[in-house]
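Structural features, examined
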Amino acid sequence: MKIIFINRYFFPDQSATSRMTTSIALALVQRGFDVMAVASREIHNQRTTDLPADEVIAGVQVKRLATFRFGRHTVVGRAIDYLCFHVLAFFWLLRNVSAGDMAVVCTDPPFLSVTSAVALRLKGGIMVNWIMDLFPETAVELGFFRRWRLPMQLARKARNWSLNSPGIAVCSTSRMAAYIEQQGLPRDQLVVMHHWSDGEEIYPIPPSRNRLRSQWGLNGTFVVGYSGNFGRAHEFQTIIDAARRLKDRDDIRFLLIGGGYQHAAVMEAARQLQLDNMIFKPLQPIANLSESLNAADVHLVSLLPELEHCIVPSKFYGILAAGRPTIFIGDPDGEVPRVLASTGCGRSVEIGAVDDLTATICDMRNSPELRTEMGQRARQLLLKEYSREKAIDAWCALITRIRNASPSVSPIAQGVSP
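Just so it is clear, the model here is predicted, and its values are computed rather than measured.

**Overview of the UniProt feature "domain: Glycosyl transferase family" (unreviewed entry) in the protein chain**
The sites that UniProt annotates as "domain: Glycosyl transferase family" (unreviewed entry) are residues 210-380. Annotation note: span residues 210-380, helix share 42%, strand share 19%, distance between end C-alpha atoms 21 Å.

The structure is reproduced here in C-alpha cells:
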C-alpha cells in the first residue's frame, strides 16, 4: 500500500496544515511505510517562491504541481488558485494511484475530498479524509453563502458524498465528529484524532535566556502574546479593547506575531488608537519558533463561537509545548476552554468581555506562581495527550487497521456522481 498525502502546502512551508502533514509523513517513512506527498510549488504567503517539481525529503517522495499564484488577497484570485490545484491533483491521482493505495486528503484547498474521491473511486484507491477545517460550513458561518443558498446546499451534498468514499474520515474534535455523524456518515467511519505539537521542536525557555525578548525590547515587561494566523475565524476587537484599557501600563505589552486576512486591520486599529503597547512582528522561521512562543508570558487564542464545530485553533498546541498559559476568547463551552478548565492550564473569557480579559491579564501579571503552575500543567498536558509521538502512534494504528481491512472497505464500483 502506497500512502499519498494531498495538501496544497508541504515542507519547507510552515503553515499549520503543512506542518502537520509533513510531520506525519516523515514519521510514517521512519516506520517503514511507502509515503508520497502531492502539493503546490509555492510557500504560504510567498508568491515568488518556486519549489522543485520533484524531490525527496527524508524519504518522502514529493510531487509539486505548478498552479496559478493569484494569492490570498482576493476571493476570486484564491478561488482560481484552488480550482487549479483541484484539477491538477485530480489528473495526477488518475495517472498515479493503483488499486489499494491510500490517499490522505486534507482540506486545503476546500472540497479537495470531492475531486479526490472521484479519482480514487475510479482507480480503486482508499481515502482518509483528514478534516482540519470543515467546509462549506466555515464559509457559511462567515457569511459567504448568504445570497447563494443553492450552491451551498450542493457543496454540502458533494462533501457528504465524498465522506462516504471507501476509507474513513478523521476529525480534529469530538464536536466536529458529532456534526459529521449528523450529516449521515456512519460512526464507524469516523475517528477523532486531535492536533498536536512537537515537544522537542518547541520547548520552554526562561525569559533570561530568550534572545528574542531582548531583541524586541521586552525584558522587564509582562508580555501578552498572540501568534499565528490573523484569519476570519478569529476575533480581535476584544483584544484591541483590552490593550486600550491597559495602554498606560508600562509593565504590560501585547506581542502579536503572524499575518493573515485581519492583520492589516488590527495594525490600523492600533495605529489610530495610538496603542504603543501593541507590538507587531512577522511570522518567525522554524529555527526561532521556541523563542518566539516563549517571548510571551501568556498567550491569547480566539475563535468565533459559531465555528467551534468547524475549526480548532492549532496554535493552542504550540502554546502547550512552550509551557505557557492560555487565555481563550470565545465560546466558554468550546474545545479549548473545556481543556483549560479540566487541566488548569489557562482561563477563558467570552467575546466582548473586555473587563474579564483585562482583569485576567492583570491577575496573571500579578501572580507569577500561578503562571508558573499553569505553564507546567500545559507542558505536562502536551507530553501526556497531545505529543507528536502519540499522534504518530495513532496514525500508524489507523493505517494498519485500514490496510488489514482493505478487502472489505474498497468496493469501488459505487458510481462517481455526488
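**Some remarks on the nonpolar core**
If you look at the biggest cluster of nonpolar residues, it comprises 37 residues, and the most contacted ones within it are I131, C171, I180, L307, F316, L320 and Y386. The dominant element in this core, judged by the number of residues it contributes, is helix α11 (residues 315-322), at six residues. When residues no more than four places from it in sequence are discounted, the contact partners of I131 are T107, L163, A169, V170, C171, S172, M176 and I180. Within the second largest apolar cluster, 35 residues are counted, among which are V191, C396, L398 and I399.

**Observations regarding the sheet that holds strand β14 (residues 346-349)**
The six strands lie next to each other as β11-β10-β9-β12-β13-β14, forming an open sheet whose pairing is parallel. Since the sheet does not close on itself, it has two edges, and those belong to β11 (278-281) and β14, each with one partner. Neighbouring strand axes in the sheet, compared pairwise and without regard to direction, differ in orientation by 25 degrees on average. In the sheet, strand β10 (residues 252-259) pairs with β11 via four bridges, with the strands oriented parallel. Residue L256 lies in a different strand from β11, and its bridge partner there is F280.

**Focus: unusual backbone geometry**
Note: most residues except glycine have negative phi, and most peptide bonds are trans. Backbone torsion omega between F11 and P12 reads 15 degrees, so that peptide bond is classified as cis. Despite not being glycine, A58 has its phi angle at roughly 50 degrees, a positive value. Mapped onto the fold, A58 is located in the loop between β3 (54-57) and β4 (60-65). Phi at F111 is positive, roughly 65 degrees, even though this residue is not glycine. Examined against the element boundaries, F111 turns out to sit in the loop between β5 (102-105) and α3 (112-123).

**Section: helix α5 (residues 149-163)**
Relative to the 21 Å expected for 15 residues at 1.5 Å per residue, α5 spans 21 Å between its end C-alpha atoms, a close match to the ideal helical length. The complete set of buried residues in α5 reads M152, A155, A158, R159, N160, W161, S162 and L163. Against the buried residues of α5 lie α3, β6 (126-131), α4 (137-141), β7 (167-171) and α6 (174-182).

**Some details on a nonpolar patch on the surface**
There is a patch of nonpolar side chains on the surface, built from F68, V76 and I80 and spanning about 280 Å² of accessible area. Inspection of the secondary structure puts I80 in helix α2 (residues 75-96). Take I80: its relative accessible area is 33%, and that puts it in the partly exposed class.

**Some words on the sheet that holds β6**
Strand order in this open sheet of eight strands is β3-β4-β2-β1-β5-β6-β7-β8, and the pairing throughout is mixed. Two strands lie at the open edges of the sheet, namely β3 and β8 (190-192), each paired on one side alone. Each neighbouring strand pair of the sheet contributes to a mean axis angle of 20 degrees, computed without reference to strand direction. Pairing of β7 with β8 involves three bridges; the strand directions are parallel. Bridging across to β8, V170 finds its partner in V191. α3 contacts β1 (2-6), β5 and β6 of the sheet and is inclined by roughly 175 degrees relative to β6.

**With respect to helix α12 (residues 335-343)**
Turning to α12, its buried residues number three or more, namely E335, V336, P337, V339 and L340. Buried residues along α12 sit against α6, α11, β13 (326-329), β14 and α14 (368-385). Where α12 ends, the next residue or the one after it, G344, has phi of about 70 degrees, a positive value.

**Quick look at the pattern of salt bridges**
Going through the model one piece at a time under the given rule, you end up with 22 salt bridges. R365 is the salt-bridge partner of D251, the closest N and O atoms lying 3.0 Å from each other. Of this pair, D251 sits in the loop between α8 (237-245) and β10 while R365 sits in helix α13 (residues 354-365); the two residues are 114 residues apart in sequence, bridging distant segments of the chain. Across the pair D363 and R347 runs a salt bridge whose closest N-O atoms are separated by 2.5 Å. Of this pair, D363 sits in helix α13 while R347 sits in strand β14, placing them 16 residues apart in sequence. Each of the salt bridges in this network shares a partner with another, and the network as a whole consists of E137, R156 and R159.

**Comments concerning the packing of aromatic side chains**
For the structure on display, the rule yields eight aromatic pairs. Centroid distance W130 to W196: 6.2 Å. Interplanar angle 15 degrees. Geometry classified as stacked. Placement of W130 in strand β6 and of W196 in the loop between β8 and α7 (211-215) is noted, with a sequence separation of 66 residues between them. Neither residue differs from the other here; W130 and W196 are each classed as buried. An aromatic cluster is present here, built from W130, W196 and W395 joined pairwise through their rings. Across the ring face of Y261, the terminal group of R232 is positioned such that the distance to the ring centre comes to 3.5 Å.

**Here we look at the side chain of R64**
Tracing the backbone through its elements, the reader meets R64 in strand β4. Relative accessible area serves as the criterion here: at 2%, R64 is assigned to the buried category. Looking at R64, its side chain comes within polar contact range of the side chain of E55, at 2.8 Å. Apart from residues no more than four positions distant in its own chain, R64 is found in contact with F10, F11, P12, A39, S40, R41, L51, P52, A53, E55 and I57.

Cut-offs applied
Residues numbered from 1 in each chain as written. Predicted model: local features only at pLDDT ≥ 70, side-chain atom pairs only at ≥ 80, totals over all residues. Heavy atoms only, no water. UniProt positions renumbered as here; feature names shortened; annotations may be inferred. Helix = DSSP H or I, 4+ residues; strand = E, 2+ residues; numbered from the N terminus. Core = buried A, V, L, I, M, F, W, Y, C linked by side-chain atoms within 4.5 Å. Buried < 20%, exposed > 50% of the residue type's maximum accessible area, 1.4 Å probe, protein only. Contact = heavy atoms within 4.5 Å. Pairing = 2+ DSSP bridges. Axes fitted to C-alpha atoms, helices over the stretch in contact; angles between N-to-C directions. Expected span 1.5 Å × (residues − 1). Patch = residues over 30% accessible without salt bridge, like charges linked within 9 Å, V, L, I, M, F, W, Y side chains within 5 Å. Areas by Shrake-Rupley, 256 points an atom, 1.4 Å probe, with all protein chains shown as cover. Salt bridge = Lys/Arg side-chain N within 4 Å of Asp/Glu carboxyl O. Phe/Tyr/Trp six-rings, centres within 6.5 Å; stacked < 30°, edge-to-face > 60°. Lys NZ or Arg CZ within 6 Å of the ring centre and 35° of its normal. Polar contact = N/O pair within 3.5 Å; in protein donor to acceptor, adjacent residues only side chain to side chain.

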